[in-house]
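Per-entry structural report
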Amino acid sequence: MVDVDKVLDEAGLTNPHVREYVSYWAGVTGAEQIEVVSAADDERLLQESLEAGELLPVTGGRYYSRSYSKDTARSEERTVVATSNPEDKGVYNNWKPADETVKTLTERMTGASVGKTMYVIPYLMAPAGSPLEAYAAGVELTDSRPVVQQMIRMARVGIDYINNLEDPNSFVRAVHVTGDLPNLGQGTDNDQRLFATVADQRTILHFGSSYGGNALLGKIAHGLRQACYDGRASGKFLAEQFLLLGIKDKETGEEFHVVGGFPSASGKTNLSMTLSPDALGERYEVTFYGDDIAWIWVGEDGKLRAFNPENGVFGVAKDTNEKTNPGAIQAILPGSGAIFTNVAYNEKTQEVWWEGLTKHHPDDLDGWIDWKGERIADRIDDELGEPWAHPNSRFTTPISQVPNAAPDFDDAAGVPIDAIIFGGRTRDREPLIRAITDVAEGVYDGLTLGAEATAAADGLEGVLRYDPMSMRPFLAYEEGDYARHWLKIIGEATDKPVFAHVNWFQRDAEDGHFLWPGYRENVRALLWLLQFKKGEVKGQQSPVGIIPTEDELDLRGLELPQKDLDRILSLDLARWKQEMGFREEHLKQFKLPEEIWEAHKRVAAAIDEAAQA
Ligand code: GTP
Ligand code: SPV
Ligand code: MN
C-alpha cells in the first residue's frame, strides 16, 4: 500500500478534508501510486505519455491521442444525477437515489486502479477571487494521465486552489476511474459504465470511460451538472451550457456581452471564436470569453453578470477550417500545445487531419491512420468512403491561445450581460433571429428550444428533440423548479437582458442548402439585436417575437438570394401552429410555474390570430 500521508506531505497538500478524501479513494481503488499534479507538471507528464505511447507527437509541440473505439462521446443513457430527495427527479436528469448509486460505483471502483497511478488534480472552475468561488473548487482523482493533461488545459489546476479555501470542506469530490475499457459491455444490456453526479453530496463518481465529458470532471460534471444543482440550492446563480462573447463597437467604444445556449455541436465554439464579417470588421470586434459554459448571477450592482468557469476549449474538430473558424485554427497552431483526439494522424509526417479541414483528404495516403488507428492505405473498397476522423473528434487548447480572447476573460467580477440567445439546429420554422422582451416569454423560449441531436451524444445523430436551454443532458433537478429558478435570477436583475432565438441552420425544402451562410456572418444578426435593445431599430412584430426587417439587417458585402432572405425573415404559421401542439406535450411533462404556461398561451393565441388574419 502506498503511504498516502507521505505523498501528500511532500506535495504540500495541507487541506485535511482533501487528505481524508484522497486516502479513502486510494484505498477503494487500490492505486499503486499517488501523484499530486499542478499545471507546472504539464511538460513532464506529456513526455511520460509520449514515452508510454499514450500520446503521439504532432508537429510543433502538439499531441495526438485516441480513445477506445467504443468510447468517443458522452453517454447520456449511462449518466445519472443522484440525490437523497426524490423531488429532484426530473424528466431528463436520470435521477437515482444517492445511497444506492454511491454503493454501486464504490463496488465498481474497488480495486479497479490496481497497478496504476492515481493523479490528484486540485482545480478551480472560476476566475480566482470570483464571488462564486465557494462553488468552484474541486479535486479530481483520475487513473488516466491523458485526463490530467486535458484538465490542465481546460481548468485552472494547482494546489493553492484547495489549500486556501475559506471553507476547507467546500470542494467537489470528483473521482474518475477508467476501468477495463475493452470489457465494459458498452452499449449492451450489461453495460458497466456509470457516470454519476451525487449532487447533494457534491461528489462525482465516473466509471468506465476516458473521454471528454465522461472523464474531464471539472468541465461537464462539475461546471454544469453540479453547478446547476448548487446554483439552485444556494439560490445564487445559474450554470448553463452557454457560450459567452463580447462585441465591441470601435466607433462608440461601447461593449456588449451575449450569452448563448445552443445544444451540443450546434455552433457555440464557432460563434464565440468568430471574427466580424469582413465588411463590418472595421467597426466591430468580437471577443471570446467562453464557448461551452457560463455561470450567471446578479451582481451587487444589480446587473446580470457572467463568467466562463473553464480555462480552455474542447472543440469539435470536424469542419473546423480557415474559412469556418479561423480563430480556432490559430488557437491550435504549432506552439499552442494543443491535443487532438480521435482525428486522423500521419505516423511519418506527424500531421493531423479531419473531415472539413481541407476540401479533400491528403492525396498521399502514406503514413495516415484513421481515428481507430487503422492504416488508410490498407482500406478496401467499401471502407474507402468512411470518415478518417470520428465525427465527434476534438481539439483541446487553452484560452490563452485563442486569438480573440477578451483581455478581461479572467476577471473575477465577470461581465454584464446584455442579451441571452437560444439557437438550435432547426431545418425549418425558426427564422434567422427573433427578439423577445418579456422575461417569462424568454425563459419559455429557452425551455422549448429544439435541435437535431448530433454526434456529441452517442447514437442520436439527426433525431429532433427538445433541449431546454441546451441543458437537457446536464440538468440536475426537476425542470419546473429549474424554470422557477431562472425566473427568480433574471427577475432579480435591475437591467433586464433582451432574449432572442436564432437559427443559422434553416434549409431549403427542395435541395437542402443552408439558407443563411452562417459562421462569421452570424454576427450580423447579433448586431441587429444589440441595436434593437438600444431602441435604434424597431423590427416587425410577429407572434413569436420581433424579427428584423430586411433593411435593418446590415447585409453589406453579402450576396444572398432574395428568396432565401425572404424565407429566413418570415414565419411559416402552419408549421408554428403544429409546433405549439408539440410544445404543449413537451411542457406537460414538467411541474411548471404558471408564468410559463401563461407565456405559452400568449404565444399560441398570437399565432392563431395571425393565422386567421
Ligand atoms: P459542443 O462542444 O459539443 O458543446 O458543440 P458546440 O455548440 O460548441 O458546436 P461547434 O461550434 O463546435 O459546431 C458544431 C458544428 O456545427 C461544426 O461542425 C461547425 O462547423 C458547425 N457550425 C457551426 N456554426 C455554423 C453555422 O453558422 N452554420 C453552419 N451551417 N454550420 C455551423
Ligand atoms: C458537449 O458534448 O456538449 C461537449 C463535449 O462540450 S463533452 O465534454 O464531451 O461533453
Ligand atoms: Mn458542450
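Throughout this document, residue positions are counted from 1 along each chain, in the order its sequence is written. All chains are assigned letters beginning with A, and all ligands numbers beginning with 1, in the order in which they are written. For a predicted model such as this one, the threshold for reporting local features is a pLDDT of at least 70, and the threshold for listing and counting side-chain atom pairs is 80 or more; totals across whole chains, interfaces and linings nevertheless cover every residue. Note that the side-chain values use all heavy atoms of the structure and ignore hydrogens as well as water.

An unreviewed UniProt entry lists the protein chain under the name Phosphoenolpyruvate carboxykinase [GTP], with Nocardioides luteus given as the organism. Its UniProt record gives the protein chain a comment under Sequence similarities (unreviewed entry), which states: "Belongs to the phosphoenolpyruvate carboxykinase [GTP] family." UniProt positions are given in the numbering used here, feature names are shortened, and annotations may be inferred rather than shown by experiment.

The next point concerns the pattern of salt bridges. Whenever Lys or Arg places a side-chain nitrogen within 4 Å of a carboxyl oxygen from Asp or Glu, that contact is recorded as a salt bridge. Enumeration over the complete set of coordinates arrives at 49 salt bridges. Lysine 219 is the salt-bridge partner of glutamate 310, the closest N and O atoms lying 3.2 Å from each other. Placement of glutamate 310 in the loop between strand 17 (304-307) and strand 18 (312-316) and of lysine 219 in helix 8 (residues 218-234) is noted, with a sequence separation of 91 residues between them. A single burial state applies to glutamate 310 and to lysine 219, both of which are buried. Arginine 429 is the partner of glutamate 579 in a salt bridge, and the nearest nitrogen-oxygen pair spans 3.6 Å. In this pair, glutamate 579 sits in helix 15 (residues 573-588) while arginine 429 sits in the loop between strand 25 (419-423) and strand 26 (433-436), placing the two residues 150 residues apart along the sequence. You'll find glutamate 579 and arginine 429 in the same group, each marked buried. Each of the salt bridges in this network shares a partner with another, and the network as a whole consists of Glu35, Asp41, Arg44, Glu48, Glu54 and Arg145. A run of H or I in DSSP becomes a helix once it reaches four residues, and a run of E becomes a strand once it reaches two; helices and strands are each numbered from the N terminus. Partly exposed describes any residue whose relative accessible area lies between the buried limit of under 20% and the exposed limit of over 50%, with all areas from a 1.4 Å probe on protein chains only and scaled to the type maximum.

This brings us to the side chain of arginine 156. Within the element layout of this structure, arginine 156 appears in strand 8 (residues 156-157). We classify arginine 156 as buried; its relative accessible area is 7%. Counting of polar contacts relies on pairs of N or O atoms within 3.5 Å, with two restrictions inside protein: one atom must be capable of donating a hydrogen and the other of accepting it, and residues adjacent in sequence are counted only when both atoms are side-chain atoms. For arginine 156, the side chain forms a polar contact with the main-chain oxygen of alanine 126, separated by 3.4 Å. In this analysis, two residues are considered to be in contact whenever any of their non-hydrogen atoms come within 4.5 Å of each other. Excluding anything up to four places from it in sequence, arginine 156 contacts Pro122, Tyr123, Leu124, Ala126, Pro127, Tyr161, Asn308, Pro309, Glu310, Asn311, Phe409 and Asp410.

One key point about sheets: their strands pair by backbone hydrogen bonds, in either a parallel or an antiparallel sense. Note: two strands are recorded as paired if DSSP finds a minimum of 2 bridges between them. In spatial order, the strands read 21-20-22; together these three strands make up an open sheet with antiparallel pairing. At either end of the open sheet lies a strand with only one pairing partner, and these are strand 21 (352-353) and strand 22 (368-369). In the sheet, strand 20 (residues 344-346) pairs with strand 22 via two bridges, with the strands oriented antiparallel. Across the sheet, tyrosine 345 pairs through a bridge with isoleucine 369, a residue of strand 22.

Let us look at the sheet that holds strand 16 (residues 294-298). Judged by pairing direction, the sheet is antiparallel, and its four strands sit side by side in the order 12-16-17-24 without closing on themselves. The open sheet terminates on both sides in strands that have one partner only, identified here as strand 12 (237-240) and strand 24 (415-416). Where strand 17 meets strand 24, two bridges bridge the pair, whose relative direction is antiparallel. Looking across to strand 24, one finds that alanine 306 is bridged to valine 415. Only C-alpha atoms enter the line fits that serve as axes; for helices the fit covers just the stretch in contact. Angles between N-to-C directions range over 0 to 180 degrees. With respect to the sheet, helix 8 is in contact with strand 12 and strand 16, its orientation differing from that of strand 12 by roughly 160°. Together, strand 12, strand 16 and strand 17 form the strand contacts of helix 12 (residues 479-492), whose direction differs from that of strand 12 by roughly 120°.

With that out of the way, let us pick up the site of ligand 2. In this text, near means that some heavy atom of the residue lies within 4 Å of the molecule or strand in question. For ligand 2, the set of nearby residues contains 12 residues, the closest of which are Arg74, Gly213, Gln241, Ser264 and Asp292. Arginine 74 is positioned such that a nitrogen or oxygen atom in its side chain is 2.8 Å from an oxygen atom of ligand 2. A distance of 3.0 Å separates an oxygen atom of ligand 2 from a polar side-chain atom of aspartate 292. Reported accessibility uses the Shrake-Rupley method at a 1.4 Å probe radius. Residues are deemed covered only where the shown protein chains occlude them. For ligand 2, the protein covers 98% of the area, taking 280 Å² as the surface of the free molecule. Looking at the shell around ligand 2, the elements that each hand over two or more residues are helix 7 (212-215) and helix 8. Residues are grouped as follows: Ala, Val, Leu, Ile, Met, Phe, Trp, Tyr, Cys and Pro are nonpolar; Asp, Glu, Lys and Arg are charged; all remaining types, including Gly, are polar. The residue inventory of the shell around ligand 2, partitioned by class, reads four nonpolar, four polar and four charged. Domain start and stop positions are those given by an automatic or database domain assignment. Each of domain 1 (4-50 + 79-234) and domain 2 (239-311 + 410-611) gives at least three residues to the shell around ligand 2.

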